[in-house]
Number of protein chains: 2
Amino acid sequence: MSAKRHPGSDRRAELLAIAGRLFASRGFATTTVREIADAAGILSGSLYHHFDSKESMVDEILRGFLDRLRSAYRRVLAEQADPRAALTALVTVSFESMDTDGDAIAIFQNESQHLAQFERFGYLCSTAEELEGCWLDVLKRGQRAGVFRRDLRVPLVYRFIRDTVWVAVRWYDPRGSLSAEAIAEQYLTILCQGIVELGS
Amino acid sequence: MSAKRHPGSDRRAELLAIAGRLFASRGFATTTVREIADAAGILSGSLYHHFDSKESMVDEILRGFLDRLRSAYRRVLAEQADPRAALTALVTVSFESMDTDGDAIAIFQNESQHLAQFERFGYLCSTAEELEGCWLDVLKRGQRAGVFRRDLRVPLVYRFIRDTVWVAVRWYDPRGSLSAEAIAEQYLTILCQGIVELGS
DNA sequence: GTCTATACTGGGATAGAC
DNA sequence: GTCTATCCCAGTATAGAC
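Residues numbered from 1 in each chain as written. Chains lettered and ligands numbered in written order. Predicted model: local features only at pLDDT ≥ 70, side-chain atom pairs only at ≥ 80, totals over all residues. Heavy atoms only, no water.

Caption draft 1: Up close: the packing of helix H8 (residues 180–193) of chain A against helix H7 (residues 154–167) of chain B. Where H8 of chain A meets H7 of chain B, the axes come as close as 11 Å, and the angle between the chain directions of the two elements is 70°. The pairing of H8 of chain A with H7 of chain B is recorded here as roughly perpendicular in orientation. In terms of crossing hand, the pair formed by H8 of chain A and H7 of chain B is right-handed. Of H7 of chain B, the residues touching H8 of chain A (which contributes Ile183, Gln186, Tyr187 and Ile190 of chain A) are Leu156, Val157 and Phe160 of chain B. When the residues that make up the contact of H8 of chain A with H7 of chain B are grouped by side-chain class, the tally is six nonpolar, one polar and no charged. (Axes fitted to C-alpha atoms, helices over the stretch in contact; angles between N-to-C directions. Helix = DSSP H or I, 4+ residues; strand = E, 2+ residues; numbered from the N terminus. Parallel < 35°, antiparallel > 145°, perpendicular 65-115°, else oblique. Left-handed = near helix turned anticlockwise from the far one by under 90°. Contact = heavy atoms within 4.5 Å. Nonpolar A, V, L, I, M, F, W, Y, C, P; charged D, E, K, R; others polar.)

So this is what it looks like as structure tokens:
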């Protein structure tokens, strides 16, 4: 079992937050359980009272994030019929998730390719595919509706959007001057209108 | 000394290519010297005849790549006076570098934030700043010339471009149907004109 | 829930023979 | 240039006391 006991306890969440911060900034492989324990003010052995292994920590972090993101995306698709409004909402929701799930996003970006090789983390691929489906759906509907250019390859556009949005977690600072919403807006301007001045 | 001996030997280059492939796909920390040696068909100890350490291998890989990229960028700035032509050239040169330096780019993307913490890899930051300067220069000149929109924040635009271009190494396949040049072209279309159909 | 103590493994690296 | 053999350390994880 991945939740050894007290599944909903505050201490678990606290330890996961500490571990997540370290995994995100130093990498999963290079973060030692001793470092996590140190940061939490306990000894490494004590961590195993809460978690089975280092792997199960990162597993729990990623599952929580992906569950929340999937719900948010589904809500967008259910509520936004207009393709362009849906695109705006997907981008905004994604940037906003950096405020609450920044560490998990960084871990997902940096480690999922590597982790997905193990059966235990197979859900990383399947969930990623479902999320991809949300974007593709919106882009294709938009093309059919004549809102988005038809000369662009949708899979390519999807990858550019996905990469640009998520990789922003590397420099986005939740306590900085630019809010997630403001960044989402500037990004949508570039994405939709391009950077070239009209008439030039 | 990082080049233990025979600095220009073929065997060195061969071993570096093997190591680079592993570092890129499995991560630097999770790749063991024994795996590298296995892939090369020799024993781990024999690697130390060519290199001081695992670190010096990744060091040499990154230095080579950054040197080549820096030269290419400088050439672009020297040859392209027009901002839009320079932007196109920077994007194209970057995508084309994936054909020859794909592994190094992946390593740079995945590990440099972590590696840059050590003095030995301080050049990662300084070189990244110089490369950033090339993009900022082109974007600012373009804004002054009225070619690029003035309502966009240049540093933000730079980060979006940089991230989108380089993160493409995760899915770009040099032997796939889309050439680097073709991808650069589609990307420039999105970047310059946006994805929205004119008049909608 | 944390500590003490420690088992066990695998990783990076070295010395010297061939 | 590669192999044999091996050292040493650091990392994950465990058992049981408190």
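Caption draft 2: Molecular detail of the state of the cysteines. The tally for this structure, following the rule as stated, stands at zero disulfides over all chains. In this model Cys134 of chain A remains outside any disulfide bridge; the closest cysteine sulfur is found in Cys125 of chain A, 16 Å from its own. (Disulfide = S-S within 2.5 Å.)

Caption draft 3: Representation of the packing of aromatic side chains within the structure. Overall, the coordinates contain 16 aromatic pairs over all chains when judged by the stated rule. Pairing Phe23 of chain A with Phe28 of chain A gives two aromatic rings, centres 5.0 Å apart and planes at 70°, and the pair type is edge-to-face. Among the aromatic side chains, those forming a connected cluster through ring pairs are Phe95, Trp171 and Tyr187 of chain A together with Phe160 of chain B. Residue placement shows Lys54 of chain A over the ring face of Phe28 of chain A; its charged tip is 4.6 Å from the ring centre. (Phe/Tyr/Trp six-rings, centres within 6.5 Å; stacked < 30°, edge-to-face > 60°. Lys NZ or Arg CZ within 6 Å of the ring centre and 35° of its normal.)

Caption draft 4: Fine view of the side chain of Ser94 of chain A. All names here are of chain A. Here Ser94 lies in helix H5 (residues 83–115). For Ser94, a relative accessible area of 0% corresponds to the buried category. Polar side-chain contacts of Ser94 include one of 2.7 Å to the side chain of Tyr73. (Buried < 20%, exposed > 50% of the residue type's maximum accessible area, 1.4 Å probe, protein only. Polar contact = N/O pair within 3.5 Å; in protein donor to acceptor, adjacent residues only side chain to side chain.)

Caption draft 5: Structural detail: the relation of the copies chain B and chain A. Expressed as a screw operation, the relation of chain B to chain A combines 0.0 Å of axial shift with a rotation of 180°, fitting to an RMSD of 0.1 Å. With respect to symmetry, the two chain copies, as superposed, fit the operation of a two-fold axis. If distances are taken from each C-alpha of chain B to the rotation axis, the shortest is found for Gly194 of chain B, at 1.9 Å. (Least-squares fit on C-alpha atoms with pLDDT ≥ 70 in both.)

Caption draft 6: Broad picture of the nonpolar core. Ranked by size, the top nonpolar core spans 140 residues in total, and within it Leu87, Phe95 and Ile195 of chain A together with Leu87, Phe95 and Ile195 of chain B carry the most contacts. Apart from the residues lying within four places of it in its own chain, the contact partners of Phe95 of chain A are Val165, Ala168, Ala180, Ile183, Ala184 and Tyr187 of chain A together with Phe160 of chain B. (Core = buried A, V, L, I, M, F, W, Y, C linked by side-chain atoms within 4.5 Å.)

Caption draft 7: Molecular detail of the UniProt feature "domain: HTH tetR-type" (unreviewed entry) in chain A. In the numbering used here, UniProt assigns the feature "domain: HTH tetR-type" (unreviewed entry) to residues 9–69 of chain A. Helix makes up 74% of residues 9–69 of chain A and strand 0%. Its end C-alpha atoms lie 22 Å apart. (UniProt positions renumbered as here; feature names shortened; annotations may be inferred.)

Caption draft 8: Seen up close, a negative patch on the surface. Residue and element names in this part refer to chain A. The grouping of Glu96, Asp99, Glu181 and Glu185 at the surface amounts to a negative patch. Of all the secondary structure elements, the ones that give two or more residues to the negative patch are H5 and H8. Along the chain, Glu181 turns up in helix H8. (Patch = residues over 30% accessible without salt bridge, like charges linked within 9 Å, V, L, I, M, F, W, Y side chains within 5 Å. Areas by Shrake-Rupley, 256 points an atom, 1.4 Å probe, with all protein chains shown as cover. Salt bridge = Lys/Arg side-chain N within 4 Å of Asp/Glu carboxyl O. Lys, Arg positive; Asp, Glu negative; His and termini not counted. Charge placed at Lys NZ, Arg CZ, Asp CG, Glu CD.)

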